[in-house]
Amino acid sequence: MFLQLRLSMAVMEIGISCYQISTIGFTSEYFRAESGITFWPDSTLEAASELDTIVIPGGDGLRRSLVSETIAEWVLAHVNESRRVVAIGGGIYGVAPSGLLDGREVTTHWRYANDVARCFSNLRVDPRRHLVKDGAFYTSSGASAAIDLSLALIEEDYGRHVSSVVAQEFVSAPTNGNGQHKLSSPLVFDSQPADRFAELIPWIMRNLHEDLSVNALARRACMSSSHFNRAFKSVFGSTPAEFVETLRVNEARRRLSVPKRTLDTIAASVGFSDRDAFRRAFERRLGAKPRNYLNNLEAVSVATPTNGKVAVGS
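Residues numbered from 1 in each chain as written. Predicted model: local features only at pLDDT ≥ 70, side-chain atom pairs only at ≥ 80, totals over all residues. Heavy atoms only, no water.

**Some thoughts on the packing of helix 8 (residues 240–256) against helix 10 (residues 275–286)**
Turning to step 1, where the next piece is worked out: Contact pair helix 8 / helix 10: the axes reach a minimum separation of 10 Å and the direction vectors enclose 95 degrees. Judged on the interaxial angle alone, helix 10 and helix 8 are roughly perpendicular. For the pair helix 8 and helix 10, the contacting residues are Glu242, Glu245, Thr246, Val249, Ala252, Arg253 and Leu256 in the first and Phe278, Ala281, Phe282, Arg284, Arg285 and Leu286 in the second.
Turning to step 2, where the next piece is worked out: Per-class residue counts for the contact of helix 8 with helix 10 are seven nonpolar, one polar and five charged. (Axes fitted to C-alpha atoms, helices over the stretch in contact; angles between N-to-C directions. Helix = DSSP H or I, 4+ residues; strand = E, 2+ residues; numbered from the N terminus. Parallel < 35°, antiparallel > 145°, perpendicular 65-115°, else oblique. Contact = heavy atoms within 4.5 Å. Nonpolar A, V, L, I, M, F, W, Y, C, P; charged D, E, K, R; others polar.)

Following this line, the structure appears as structure tokens:
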């Protein structure tokens, strides 16, 4: 079972949902996971479309050689089409047989660490590490680390400020020794700046091509421009203009990897007034011109062998 993450600016109905998520199974039949949850696959290994990110969750089923080898072969065949491969805990059994992790630093659940090191001696396994990124490959130590890994991927795609907003969804009140919630101060509702921005940020991400000036955003948040500017900076650590520019550049960078899209088309689609404004913002945020970045992408694509021996640089 895989989770396919494909960026989709159209799926943001609850909170900040930046991804289209699909479950991929060996067959189209439903199956029950080790946790007891039943899944209906959205697609099968044979029918899966091009992927942006492949996430392989853990589970004892992956330790069966037939399962792990089948998945590893599938990952090997599709790695050139994907931007990154993620393994959660025991999910490393679905990647390691491919050879793609040879010589790389990885982590996994402590329960599997010795077995992984024994079966795949070319891996540099360190179960003490919570998360590890080595090139295009990400591994985590277990289920709890998967949350932190998800936040890291969101930060990589959309910036630290967006991942911080998402992280707030996982925050709960502290408890005392009896498991009861303890509150040091009364709960305050509807008065915090972050509350007003909870719906605004997903709207911005859906509408990068629109007018996202401070005045326009302040009107949408029902705040004065000066108050909005101060409140926004106190929550996100940057001005609204810097925040919007970062989102636009990150999304433009993703769209550069999509074939048959021109720089002018991409610039307009994410809200830049012209190519020069796009170029300046891109160079300011990423330290490279869009054309040079695109040429590097094309060079890497051409240089990657397709004879079954896949080389992924770190």
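**Some details on the side chain of Thr107**
Turning to step 1, where the next piece is worked out: Along the chain, Thr107 turns up in the loop between strand 8 (105–106) and helix 2 (110–119).
Turning to step 2, where the next piece is worked out: Using a relative accessible area of 0% as the deciding quantity, one classes Thr107 as buried.
Turning to step 3, where the next piece is worked out: Among the polar contacts made by the side chain of Thr107, one reaches the main-chain carbonyl oxygen of Asp126 at a distance of 2.9 Å.
Turning to step 4, where the next piece is worked out: Reaching out from Thr107, the side chain makes a polar contact with the backbone oxygen of Arg129 at a distance of 2.7 Å.
Turning to step 5, where the next piece is worked out: In this view, Thr107 contacts Ile92, Asp126, Pro127, Arg129, His130, Leu131, Val132, Thr139, Ser140 and Ser141; residues no more than four positions away in its chain are not counted. (Buried < 20%, exposed > 50% of the residue type's maximum accessible area, 1.4 Å probe, protein only. Polar contact = N/O pair within 3.5 Å; in protein donor to acceptor, adjacent residues only side chain to side chain.)

**Structural notes on the pattern of salt bridges**
As a working rule, side chains carrying opposite charge can pair if their charged atoms are close by.
Turning to step 1, where the next piece is worked out: This structure, assessed with the given rule, holds 17 salt bridges.
Turning to step 2, where the next piece is worked out: The closest approach of N and O atoms between Arg124 and Glu105, which form a salt bridge, is 2.8 Å. Of this pair, Arg124 sits in strand 9 (residues 124–125) while Glu105 is found in strand 8, placing the two residues 19 residues apart along the sequence.
Turning to step 3, where the next piece is worked out: Residue class for Glu105 comes out partly exposed when judged on its relative accessible area of 30%.
Turning to step 4, where the next piece is worked out: Among the ionic pairs, Glu283 bridges to Arg279, the shortest N-O distance being 3.8 Å. Of this pair, Glu283 and Arg279 are both found in helix 10, four residues apart, which corresponds to roughly one turn of the helix. (Salt bridge = Lys/Arg side-chain N within 4 Å of Asp/Glu carboxyl O.)

**Observations concerning the environment of Arg160**
Turning to step 1, where the next piece is worked out: With respect to the helices and strands, the residue Arg160 is situated in helix 4 (residues 160–167).
Turning to step 2, where the next piece is worked out: Here the alpha-carbon distance between Arg160 and Phe236, two residues 76 residues apart in the chain, equals 8.6 Å.
Turning to step 3, where the next piece is worked out: The contact partners of Arg160, leaving out residues within four places of it in the chain, are Glu155 and Phe236.

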